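# A closer look at the structure
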Amino acid sequence: MSAVSSRLPVFPWDKLEPYKATATAHPDGIVDLSVGTPVDPVPALVQEALTGAANSPGYPTVWGTAELRDALTGWVERRLGARGVSHANVLPVVGSKELVAWLPTQLGLGAGDRVAYPLLAYPTYEVGARLCGAEPVPYDDPTELDPAGLRLLWLNSPSNPTGRVLAKDELTRVVAWAREHGVLLFSDECYLELGWESEPVSVLHPDVCGGTYEGIVAVHSLSKRSNLAGYRAAFLAGDPAVLGELLKIRKHGGMMVPAPVQAATVAALGDDTHVQEQRERYAARRTALRAALEAHGFRVDHSEASLYLWSTRDEPCWDTVAHLAGLGILVAPGDFYGPAGGRHVRVALTATDERIDAAVKRLV
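The notes below deal with the structure included here.

### Things to note about the overall build of the protein
Each helix and strand in the protein was counted, giving 12 helices and 13 strands. Over its C-alpha atoms the protein spans a radius of gyration of 20 Å, differing by no more than 12% from the 21 Å that the globule rule assigns to 364 residues. If one aligns the C-alpha atoms of the protein with their principal axes, the spans along those axes are about 55 × 50 × 45 Å. For the protein, with 364 residues in total, the buried portion stands at 55%. Intrachain contacts of the protein at a sequence separation of at least 6 include 75% that bridge at least 24 residues. Side-chain charges in the protein split into 33 positive and 43 negative, and the spacing between the mean points of these groups amounts to 3 Å.

Put into structure tokens, the structure is as follows:
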């Protein structure tokens, strides 16, 4: 029973518990900036769509309703600048973490195969490789990798945890390299709606992919843009051959987005107003928190997009975690995202205005 779990790293968040206890003991309570989970309300029109579809006694389909696929294709063309997107180019998934963790398994990867992801990265890329017995390969520049045995290449722009955005020419170069070597490329673009100092670009943009989706798939989520982390609403867009194969596999696995969540997704993707309102909330929190961190002696690196400030005091990350916990502020140590993060911490913007204000007062 332990054979599979023994392949996996220790669940990192358990290591934070002592620091969480310290922060919680602060007289004014904890300010938890460690996990990037939304705290603001689900938009009213999304809630209404969900409840309107609550009487859904039958099984939903894995591919989703025609209305959902229309919403996905329409958004991909309108927001990402993609062209000629059909229903065959999209696939709903049960939250993006599920997809990241199980994608290598669903692709049939295993021993002898290699899965590459950024040196500083969301830990689930590594987990997905280990679950199927493939070799996890962190990279600095993917085009410097040995392509032998490399079956899956993950990009992540904007990055979690650093907020770094890959420029259009860099994306174009990596897509060309992956195609040249027959490497399937998946681009995690879940923070694309949250660019601050840089405008993120999708691999599906014609300037990047050359107008063809062969060998590339983009991953998108409604968790952050629409405060729908609790709904588990995400989707893929790109190569129809890859998505068609995944659809067949996911049908057998029963990986179905619930019908009310499908209806909610249609509503969320059809409305830009709530996205702009949420961006404004995060922008205000980001401005206040960044100024406070810098006044406290931190340097913020990258962070031109996403919901995090990649911050350092040029000391071991756990020393920084302990220092901030003493102020009642909990953050994520950078080494959760790879050894290269050992002198940074990830500070999330996902707290209420009141809690952000509390953190600012403690820092300045």
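### A look at the packing of aromatic side chains
Enumeration over the complete set of coordinates arrives at 10 aromatic pairs. Pairing Tyr122 with Tyr125 gives two aromatic rings, centres 5.7 Å apart and planes at 80°, and the pair type is edge-to-face. For Tyr125, a relative accessible area of 1% gives the class buried. Each residue in the set Trp13, Tyr19, Trp318, Phe336 and Tyr337 is aromatic and connected to the rest through ring pairs, giving one cluster. Stacked on the ring of Trp63, the Lys or Arg Arg69 has its end atom at 3.9 Å from the ring centre.

### Some points on the layout of surface pockets
Quantified by volume, the largest pocket comes out at close to 1100 Å³. Forming the walls of the largest pocket are 43 residues, and the residues nearest its centre are Trp13, Lys97, Tyr122, Pro123 and Thr124. Looking at the lining of the largest pocket, the elements that each hand over two or more residues are helix 4 (96-106), strand 3 (114-118) and helix 5 (124-131). Here the residues of the lining of the largest pocket sort into 26 nonpolar, 9 polar and 8 charged. In this structure, the second largest pocket spans a volume of roughly 390 Å³. As for the second largest pocket, its lining consists of 19 residues, of which Pro118, Leu120, Asp140, Thr162 and Arg164 are closest to the centre. Mapped onto the lining of the second largest pocket, the elements with two or more residues apiece are strand 5 (150-156) and helix 6 (168-180). Taken together, the residues of the lining of the second largest pocket sort by class into 9 nonpolar, 5 polar and 5 charged.

### A short note on the nonpolar core
Leu33, Trp154, Phe186, Leu236 and Leu289 are the most contacted members of the largest nonpolar core, which has 65 residues in total. Listed in part, the 46 residues of the second largest apolar core include Trp75, Val76, Val175 and Val208.

### Some thoughts on the side chain of Ser303
Its place among the elements puts Ser303 in the loop between strand 9 (299-301) and strand 10 (308-312). Engagement of the side chain of Ser303 in a polar contact is seen with the backbone oxygen of Asp301, the distance being 2.8 Å. Those residues within four positions of Ser303 in sequence are excluded, and the remaining contacts are Thr162, Gly163, Arg164, Trp196, Arg286, Tyr308, Leu309 and Trp310.

### Section: the state of the cysteines
As used in these notes, a disulfide is a covalent bond between sulfur atoms, one from each of two cysteines. The full count for this structure, using the stated rule, is 0 disulfides. In this structure Cys190 is a free cysteine whose sulfur lies 19 Å from that of Cys209, the closest cysteine sulfur available. We classify Cys190 as buried; its relative accessible area is 13%.

### A few points about the pattern of salt bridges
Scanning all chains against the criterion turns up 22 salt bridges. A salt bridge links Arg79 to Glu199; its shortest N-O distance comes to 3.5 Å. Placement of Arg79 in helix 3 (residues 66-80) and of Glu199 in the loop between strand 6 (184-188) and helix 7 (206-209) is noted, with a sequence separation of 120 residues between them. Across the pair Glu197 and Arg290 runs a salt bridge, and its minimum N-O distance is 3.3 Å.

### Description of the pairing of strand 13 (residues 345-348)
Within a regular strand, the side chains alternate between the two sheet faces. Neither face of strand 13 is exposed, since Val345 and Val347 on one face and Arg346 and Ala348 on the opposite face are all buried. Relative to strand 13, strand 10 runs antiparallel, the two sharing 4 bridges. By the bridge assignment, Trp310 is partnered in strand 13 with Arg346. As judged from the 2 bridges shared by strand 12 (residues 332-333) and strand 13, these two strands associate in the antiparallel manner.

So, how was this worked out
Residues numbered from 1 in each chain as written. Predicted model: local features only at pLDDT ≥ 70, side-chain atom pairs only at ≥ 80, totals over all residues. Heavy atoms only, no water. Helix = DSSP H or I, 4+ residues; strand = E, 2+ residues; numbered from the N terminus. Rg over C-alpha atoms; globule rule 2.2 N^0.38 Å. Buried < 20%, exposed > 50% of the residue type's maximum accessible area, 1.4 Å probe, protein only. Contact = heavy atoms within 4.5 Å. Lys, Arg positive; Asp, Glu negative; His and termini not counted. Charge placed at Lys NZ, Arg CZ, Asp CG, Glu CD. Phe/Tyr/Trp six-rings, centres within 6.5 Å; stacked < 30°, edge-to-face > 60°. Lys NZ or Arg CZ within 6 Å of the ring centre and 35° of its normal. 1 Å grid on protein atoms, 1.4 Å probe; cavity = no way out; pocket = protein on both sides within 12 Å on 5 of 7 lines; lining within 4 Å. Points joined across faces, edges and corners; volume = space filled by probe spheres on them. Nonpolar A, V, L, I, M, F, W, Y, C, P; charged D, E, K, R; others polar. Core = buried A, V, L, I, M, F, W, Y, C linked by side-chain atoms within 4.5 Å. Polar contact = N/O pair within 3.5 Å; in protein donor to acceptor, adjacent residues only side chain to side chain. Disulfide = S-S within 2.5 Å. Salt bridge = Lys/Arg side-chain N within 4 Å of Asp/Glu carboxyl O. Pairing = 2+ DSSP bridges.

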